[in-house]
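Residue strings, one per chain:
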Amino acid sequence: MLRGIDVSAYQSSSYGTDGLSFVFIKATEGRSYTNPKLSAQTERARDADLVVGFYHFLWPGNLTAQAEYFVERAPEKRGDILAVDWETTGEGTRASNAEKDRFIQKVKELRPHHRVVLYANRHFWLDVDTTSYAGDGLWIADYVTAGKPRVQAEWRFHQYTDDPLDKNVAAFSSRSALRKWAGDA
């Protein structure tokens, strides 16, 4: 399995890249927040020749506007992966299943040459999700042994810890296999 991390404005723009094959970078949230470190964190990943993904933290409502906001701000390079982060917001709300599905579909429509994946924690995937729609793949958060999330679904990425930062593995045999999958959208 391949090793990777995900970063947001809480992490440095000069995060370590040794031993990594990929990084997901928070790009946007809702319709008004853009990660102020997005450009620098992206440059760091590209300089290290990592496969790069960008994610949007989904809020309920205004799905088309959120999708447009995300794709207008997430860098666009063939082979980049796009993700929707579906979880409870700081206000205790969440997008519905239908909203999550529509957001993924809208992003795929706006960026047809990019893979679009769903990030969800184990609770959301098992207890909240009713459609099992994850776009081009599931990125599951379950803090257990790397590569052994406690779900029956096929997954592409597994976030297995957040200590000292969000660490992930990808179910690909090599970086070139991941790069090919990401570029073949």
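Residues numbered from 1 in each chain as written. Predicted model: local features only at pLDDT ≥ 70, side-chain atom pairs only at ≥ 80, totals over all residues. Heavy atoms only, no water.

Once that is clear, we can look at the overall build of the protein. Counting its secondary structure elements, the protein contains 5 helices and 9 strands. Across the protein, helices and strands are ordered from the amino to the carboxyl terminus as β-β-β-α-β-α-β-α-β-α-β-β-β-α. In terms of overall size, the protein behaves like a compact globule, its C-alpha atoms giving a radius of gyration of 15 Å where 185 residues would be expected to give roughly 16 Å. The principal-axis extents of the C-alpha atoms in the protein amount to approximately 40 × 35 × 30 Å. Considering the protein as a whole, with its 185 residues, one finds that 51% of them fall into the buried category. At a minimum sequence separation of 6, the contacts of the protein that also span at least 24 residues come to 61%. Just so you have it, the protein exposes about 8,400 Å², and 44% of that area is on carbon and sulfur atoms. Side chains of the protein carry 24 positive and 25 negative charges; the gap between the two charge centres is 4 Å. (Helix = DSSP H or I, 4+ residues; strand = E, 2+ residues; numbered from the N terminus. Rg over C-alpha atoms; globule rule 2.2 N^0.38 Å. Buried < 20%, exposed > 50% of the residue type's maximum accessible area, 1.4 Å probe, protein only. Contact = heavy atoms within 4.5 Å. Areas by Shrake-Rupley, 256 points an atom, 1.4 Å probe, with all protein chains shown as cover. Lys, Arg positive; Asp, Glu negative; His and termini not counted. Charge placed at Lys NZ, Arg CZ, Asp CG, Glu CD.)

Another point: the packing of helix 2 (residues 63–73) against helix 3 (residues 97–110). The description of two helices packed together rests on the angle between their axes and the distance between the axes. It is the contact of helix 2 with helix 3, at a shortest axis distance of 9 Å, that shows an interaxial angle of 45°. In this view, helix 2 runs oblique relative to helix 3, as classed from their interaxial angle. When the axes of helix 2 and helix 3 are compared, the crossing they make is right-handed. The segment helix 2 lies against helix 3, with Leu 63, Thr 64, Gln 66, Ala 67, Glu 68, Phe 70 and Val 71 engaging Glu 99, Arg 102, Phe 103, Lys 106, Val 107 and Leu 110. (Axes fitted to C-alpha atoms, helices over the stretch in contact; angles between N-to-C directions. Parallel < 35°, antiparallel > 145°, perpendicular 65-115°, else oblique. Left-handed = near helix turned anticlockwise from the far one by under 90°.)

Moving on to the side chain of Asn 35. Mapped onto the elements, Asn 35 comes out in the loop between strand 3 (33–34) and helix 1 (38–47). In this structure the side chain of Asn 35 is engaged in a polar contact, spanning 2.8 Å, whose partner is the backbone nitrogen of Lys 37. Beyond its immediate stretch of four places on either side in the chain, Asn 35 contacts Ser 8, Ala 9, Ile 25, Lys 26, Ala 27 and Gln 41. (Polar contact = N/O pair within 3.5 Å; in protein donor to acceptor, adjacent residues only side chain to side chain.)

Structurally, His 56 is set in strand 4 (residues 51–57). With near-sequence residues (within four places) excluded, His 56 lies in contact with Thr 28, Glu 29, Gly 30, Gln 66, Phe 70, Ala 83, Val 84, Asp 85 and Phe 103.

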